[in-house]
Amino acid sequence: MRRHDRRAPYAVALAAGALVVSACSSGGGGGGGGDAKSEGPGEDKTVSANYSIGTAADAAGPAPEVAGAKKGGTVTVLQRDAFNHLDPGQIYFSDVLTDQMLYNRSLTSYKIDDKGRVKVVGDLATDSGTSSDGGKTWKFTLKDGLKFEDGSPITSKDVRWGIERLYAPFETDGPLYVPQWLSGDGNAFRKALPDGPYQGKHLPSSVLDTPDDKTIVFHFQAPHADTPYATAMPNIGAVKADKDGQRKYDNAPFSSGPYKVGSYKVGKSLTLVRNEHWDPKTDPIRHQYADRFEISFGHQFADSTRRFLADQGGDKNALSFSNGVAPEMTEKVLGQQDTKARRLLEIQPYVDYISFNTTRLKDVKVRKALAYAMPNGQILQQNGGATAGVVATNYLSPAMDGYRPTDPYGKKDKPAGDPEKARALLKEAGKEGQEIVYAYANTDVQQKIAVVVTQALERAGFKVQKKEIDSNTWRTAISEVGNKFDIYRTSWGADWPVSSTVVPPLYDGRQIADGAQNYGHLDDPKVNAEVDRITRITDVKQAGAEWQKLADRILTDDAPGVPTFYNRLFSLWGSGLGGVKYHPVYGTVDPTGVFVK
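A brief look at the structure comes next. (Residues numbered from 1 in each chain as written. Predicted model: local features only at pLDDT ≥ 70, side-chain atom pairs only at ≥ 80, totals over all residues. Heavy atoms only, no water.)

It is worth spelling out the pattern of salt bridges at this point. If you walk through the whole model with that rule in mind, you get 32 salt bridges. A salt bridge links Glu530 to Arg533, with the nearest nitrogen and oxygen atoms 2.7 Å apart. Placement of the pair is Glu530 and Arg533 together in helix H14 (residues 525-535), with a separation of three residues, close to one helical turn. Under the relative-accessibility criterion, Glu530 is labelled buried at 19%. A salt bridge links Lys549 to Glu546, with the shortest nitrogen-to-oxygen separation between them at 3.1 Å. Remark: Glu546 and Lys549 occur in helix H15 (residues 540-558); sequence separation between them is three residues, near one turn of the helix. Classification of Lys549 by relative accessible area gives partly exposed; the value is 46%. One continuous salt-bridge network, built from bridges that share partners, spans Asp87, Arg165, Glu171 and Asp244. (Salt bridge = Lys/Arg side-chain N within 4 Å of Asp/Glu carboxyl O. Helix = DSSP H or I, 4+ residues; strand = E, 2+ residues; numbered from the N terminus. Buried < 20%, exposed > 50% of the residue type's maximum accessible area, 1.4 Å probe, protein only.)

Inspection of the secondary structure puts Thr490 in strand E19 (residues 487-493). In this structure Thr490 comes out as buried when scored by relative accessible area, which is 3%. Among the polar contacts made by the side chain of Thr490, one reaches the side chain of Ser355 at a distance of 2.9 Å. Setting aside chain neighbours within four positions, we find Thr490 in contact with Val351, Asp352, Tyr353, Ser355, Ile478 and Tyr519. (Polar contact = N/O pair within 3.5 Å; in protein donor to acceptor, adjacent residues only side chain to side chain. Contact = heavy atoms within 4.5 Å.)

Across the interface, H14 lies against H15 with an axial gap of 10 Å and an inter-helix angle of 175°. Between H14 and H15, the angle falls in the class roughly antiparallel. Where H14 approaches H15, its residues Lys526, Val527, Glu530, Val531, Arg533, Ile534 and Thr535 are matched on the opposing element by Ala543, Glu546, Trp547, Leu550, Arg553, Ile554 and Asp558. Residues that form the contact of H14 with H15 fall into these classes: seven nonpolar, one polar and six charged. (Axes fitted to C-alpha atoms, helices over the stretch in contact; angles between N-to-C directions. Parallel < 35°, antiparallel > 145°, perpendicular 65-115°, else oblique. Nonpolar A, V, L, I, M, F, W, Y, C, P; charged D, E, K, R; others polar.)

Turning our attention to the packing of aromatic side chains. Summed over all chains, the structure comprises 22 aromatic pairs. Seen in terms of ring centroids, Tyr167 and Phe189 are 5.2 Å apart; in terms of plane orientation they differ by 75°. Their pairing is edge-to-face. Of this pair, Tyr167 sits in the loop between helix H3 (156-164) and helix H4 (177-183) while Phe189 sits in the loop between H4 and strand E9 (208-209); the two residues are 22 residues apart in sequence, bridging distant segments of the chain. Here Tyr167 falls in the buried class, since its relative accessible area comes to 0%. Each ring, one from Tyr177 and one from Trp496, has its centre 4.6 Å from the other, and the planes form 55°; the classification is tilted. With Tyr177 in helix H4 and Trp496 in the loop between E19 and helix H13 (503-507), this pair connects stretches of sequence that are 319 residues apart. (Phe/Tyr/Trp six-rings, centres within 6.5 Å; stacked < 30°, edge-to-face > 60°.)

Looking now at the environment of Val121. The residue Val121 is located in strand E6 (residues 118-122) in this model. Put simply, Val121 and Gln337 are 216 residues apart on the chain and 38 Å apart in space, counted from C-alpha to C-alpha. Once you skip the residues sitting within four places of it in the chain, Val121 turns out to touch Gly54, Asp58, Ala59, Thr108, Ser109, Lys111, Pro284 and Ile285.

The next point concerns the packing of helix H8 (residues 364-373) against H15. As a packed pair, H8 and H15 sit with axes 8 Å apart at the nearest point and diverge in direction by 110°. When the interaxial angle is binned, H8 and H15 end up roughly perpendicular. Residues Val364, Arg367 and Lys368 of H8 form the contact with H15, whose own contacting residues are Thr556, Asp557 and Asp558. Among the residues forming the contact of H8 with H15, the class breakdown is one nonpolar, one polar and four charged.

Geometric values such as these leave the question of function open.
Structure representation (structure tokens):
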């Protein structure tokens, strides 16, 4: 559940002009730039075949060589925001998700080919896992030759330690799927190991078993077909017990990947240098081309874009994991011929919505009228236009496995909204002139969006009361169940390309709580029952299609909100770098094959 804009779920990725956080996935593709005027991702990126579970052969290293790659040199990375964590157990935002790929390995991970196709493969593990007991039990075997940065071997006990430390009270910001699946929902799982492993206690083998140095067995409380995706989260990896400084581990993670921390000045800079004990023969994903990555913080989008455009001196070897092209510089970037080979324009796994508070707006016809009236195209334009995203037609991003381009509210044909249809629905409901309390953050972009949304709703026959909220308290205000607003902007990104990380958190009525993500407060027993049914499906491909069907049914039958646009990453880098591609799951630049020409 990487929200676009929340602290924990997955990522603060930044599309051009739009804050997009996390959860975690995306629509594929890598290499050159896309067409800013295109309707969306290419066909190969929207079909279910783009995502697959790899075999043991796919998990074998080394990773395929990148054409033209050379060893040596320094890659400079310009980031706007300082990393909030380095501890893999605490990582949930897309910029640090990207960074950790260089020094951290998980049980499984994502292997991405040059066409943006994604396979979930064994990373530390020999394959993507073997299930039994109807999908409740999952077994992983570690590869030979795995080592930490000090040359000591990585064993199943280190993976167990990495997982059990997630139970400790200070591990709060990362994804918690695996510990919750093992020991209980919400924060109830912590009762199973309140101090983590730090007082010498461990989970019983009936829950998490490590019968030998190579084997890890999960015994979940219920079936979970998407376990290979969950074990690709950065916190399902190895942590060496005597190097675990608990809270201090945030500043000194112990590497299992091709790079290790050379120096770290919190809030200012991070240097990653070669880890000489990383063995490429064990790794199907990463390379170790550059000598080092020099990462610095505090670079606004305009600053990084200007430097990439100028392409001078050391900036020729510079990129950003998540800074997008500054919206005001979009035309200049697109017009400068030498940028064509060094830019990305890709659909991300993040979706912006306008949520409708169903607790206050009880008449579904009123909510449907709002959906028809919403000016998706104008909202997108205020966020930066075609390079910031694509007009959304349904709840799920095209980056999701099982996605279909359904469009029940006709947004593709009428991106400015359909006021006539909206008026007719209001008249049917006897609610002409319905007053709507519209809450929005007091940022420049959201203030402009408030103008176009208000005008569109007034054309449709609504009366709008605008409520401006301080952006510092915005997230808290809209996530209160008892809020006094009717509509408000929300956003979400999936943790992996299966909509089990989208539909349940956003629309399961049992997840209504202050701070939770069911922003529309939808509580439909039929939806809740379908969530349970689809969760029990043991074929992750079949489940993907079923989640899409349920998402469409919620949109048409319940209308707890309307999607407005699918986010895009519009990224630029220096001409001295090669091997830059897009990471479809994280929605950022993929650094694993980058080299200095």
